Amino acid sequence: MIKLVGIVAGLAVVLAGAWQLASLPGTVSAEIGGYAAEAPASVALSALVVLVALMCLCVSLIAALMRLPSRVRRWRHDRRRRTGETAITNTLIALAAGEKPDARREASRARALLGDTPQTLLLAAEAGRLAGRDDEATKAFQALSERSDASFLGYRGLLRQAIAREAWAEAATFARLAEEAHPGAAWVRQERAQLAIRAGHWAEALELAAPEGSTGAALATAAALAEADPAQGLRHARAAWNLDKSLAPAALAYAARLRADGKEARALATVTETWAMSPQPGLADFALESTADPLARVQVAKRLAAAAPNHPESEFLLARASLSANLTGEARRHAERAIAAGMNQRRVWLLAAEIEELEIGTTEAGRLAQREALRRAASADPDPVWRCDSCRADHAVWHAACPACSTPGSLRWSGARQSA
Ligand SMILES: [Zn+2]
């Protein structure tokens, strides 16, 4: 409504002006050289207005023509950008849907339209990876790693490729470069810790992983075992044992360092404390190692067994030590108590057979008892092993990280448990 009123008012003004112009009295005359012209004032003024209007129109047209190339450029640029963004969206959809050829085609279209931006390079790399074209992915990741604004993305991609190829040294280099490009990234730290574990660089793994619980204890134990410097080795071993006092390898690493320092009493106290929580033959072997006399060894075994009284491992230890000292009656009593406490492993029945052989000898009764023990050994539970909590693989010796699945701190001793 306001617009209509404005138009009407404008027309009124124009008409009033035209009316005034037409009613102007007088004439305008001009003389140029030998030419003379004369016209009424109203006509002359109208001609002047038309001339000025035509000149303004010409100037506007010339200006518009001059701006035309840049406008065409901008329009084409905008169109490329819009098409490029559509190609990016299409690549993301194809990647999510696992459509390999589409992802590659759209990614290269986006790259052609938008140039090498971090976004187009990353999409090209991911599309290449999805399609199994590692060479394409590597080139795109390398191009990304050379950009100061996206080098982390490039190194991260190259690291993942190196891990997939199991090229651990290369992976460690890319992990270090990724951390330099983006310090403090939790993901890179985890990857570096995992790579250090795979490479057996335990001190580095310990530094990178959170030194907590069984994982920290396992890594610190391995670091202690690998450490050449006695003081540093002792520090790692003590830290390992303090993190998990039930972990026999940690106790043994610490006790061995203490023994090497001449601190035998503390070494024995360490293995005894761990025996109380998790009795294992390795701890007993360590405690008995420094005693040669068989009867004295029985006394050492008794002190250790007292830390976990009535435990099948304690009874088995006493049976073994007694048998070595030719105390066959004692040996038989402890072996029977180990079996009664819940131990039904091959080793206890083999020990029982050995006891029968030594105690009863080659008599008929002895042969029968020995045969019975051997029969029980054949059908008994397997002897204890180190079993991985993560992949259930069995290992004869302890490892800081499972050799089958590389999980650190996952091995548990499958020894006899005290029956309730
Ligand atoms: Zn495992």
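The structure under discussion appears in the preceding block.
No experiment lies behind these values; they were computed from the predicted model shown. (Residues numbered from 1 in each chain as written. Predicted model: local features only at pLDDT ≥ 70, side-chain atom pairs only at ≥ 80, totals over all residues.)

(A) Examining the overall build of the protein chain more closely. Counting its secondary structure elements, the protein chain contains 19 helices and five strands. Taken over 420 residues, the protein chain has a buried fraction of 35%. For the protein chain, long-range pairs separated by at least 24 residues make up 43% of all intrachain contacts whose partners lie at least 6 apart in sequence. (Helix = DSSP H or I, 4+ residues; strand = E, 2+ residues; numbered from the N terminus. Buried ≥ 20, exposed ≤ 12 C-beta atoms within 10 Å, placed from the backbone. Contact = placed C-beta atoms within 7 Å.)

(B) Quick look at the environment of Ala-284. Of note, Ala-284 is situated in helix α14 (residues 281–289). The spatial distance from the C-alpha of Ala-284 to the C-alpha of Ser-314 is 9.2 Å, given a sequence separation of 30 residues.

(C) Up close: the pairing of strand β2 (residues 35–40). The buried fraction of β2 amounts to zero of the six residues, a small share that puts the element mostly on the outside. Both strand β1 (residues 27–32) and β2 contribute to a ladder of six bridges, which runs antiparallel. The residue of β2 that forms the bridge with Ser-29 is Glu-38. Between β1 and β2, which pair antiparallel one after the other, the connecting turn spans two residues, and Gly-33 there sits at a positive phi close to 60 degrees. (Pairing = 2+ DSSP bridges.)

(D) How the structure looks around unusual backbone geometry. For Glu-166, which is not glycine, the phi dihedral falls at a positive 60 degrees. Examined against the element boundaries, Glu-166 turns out to sit in the loop between α6 (151–164) and α7 (168–181). Residue classification places Glu-166 among the exposed residues on the basis of 9 C-beta atoms within 10 Å. In the Ramachandran plot, Asn-326 falls in the positive-phi region, its phi being about 60 degrees despite a non-glycine side chain.

(E) Quick peek at the packing of α14 against helix α15 (residues 294–305). Contact pair α14 / α15: the axes reach a minimum separation of 9 Å and the direction vectors enclose 135 degrees. On the basis of their axis angle, the class for α14 and α15 is oblique. For the pair α14 and α15, the sense of crossing is right-handed. From α14, Ala-284, Ala-287 and Leu-288 reach across to α15, where they touch Arg-297, Val-300, Ala-301 and Leu-304. Residues of the contact of α14 with α15, tallied by class, amount to six nonpolar, no polar and one charged. (Axes fitted to C-alpha atoms, helices over the stretch in contact; angles between N-to-C directions. Parallel < 35°, antiparallel > 145°, perpendicular 65-115°, else oblique. Left-handed = near helix turned anticlockwise from the far one by under 90°. Nonpolar A, V, L, I, M, F, W, Y, C, P; charged D, E, K, R; others polar.)

(F) The nonpolar core, seen in detail. By size, the foremost hydrophobic cluster in this structure holds 99 residues, and its most contacted members are Leu-219, Ala-240 and Ala-251. Among the elements that line this core, the one with the most residues is helix α12 (residues 248–260), at nine residues. When near neighbours in sequence (up to four residues on either side) are disregarded, Ala-251 contacts Trp-241, Thr-270, Val-271, Thr-274 and Leu-283. (Core = buried A, V, L, I, M, F, W, Y, C linked by C-beta atoms within 7 Å.)

(G) Highlighting α15. Taking 1.5 Å of rise per residue, the 12 residues of α15 would be expected to cover 16 Å, and the 16 Å separating its terminal C-alpha atoms lies within 8% of that figure. Buried residues along α15 sit in contact with α13 (264–277), α14 and α16 (312–324). (Expected span 1.5 Å × (residues − 1).)

(H) View of the environment of Pro-403. By the element assignment, Pro-403 lies in the loop between β4 (394–395) and β5 (411–413). In this structure Pro-403 comes out as exposed when scored by C-beta crowding, with 11 C-beta atoms within 10 Å. As for Pro-403 and Ala-393, which are separated by 10 residues in sequence, their C-alpha atoms are 8.9 Å apart.

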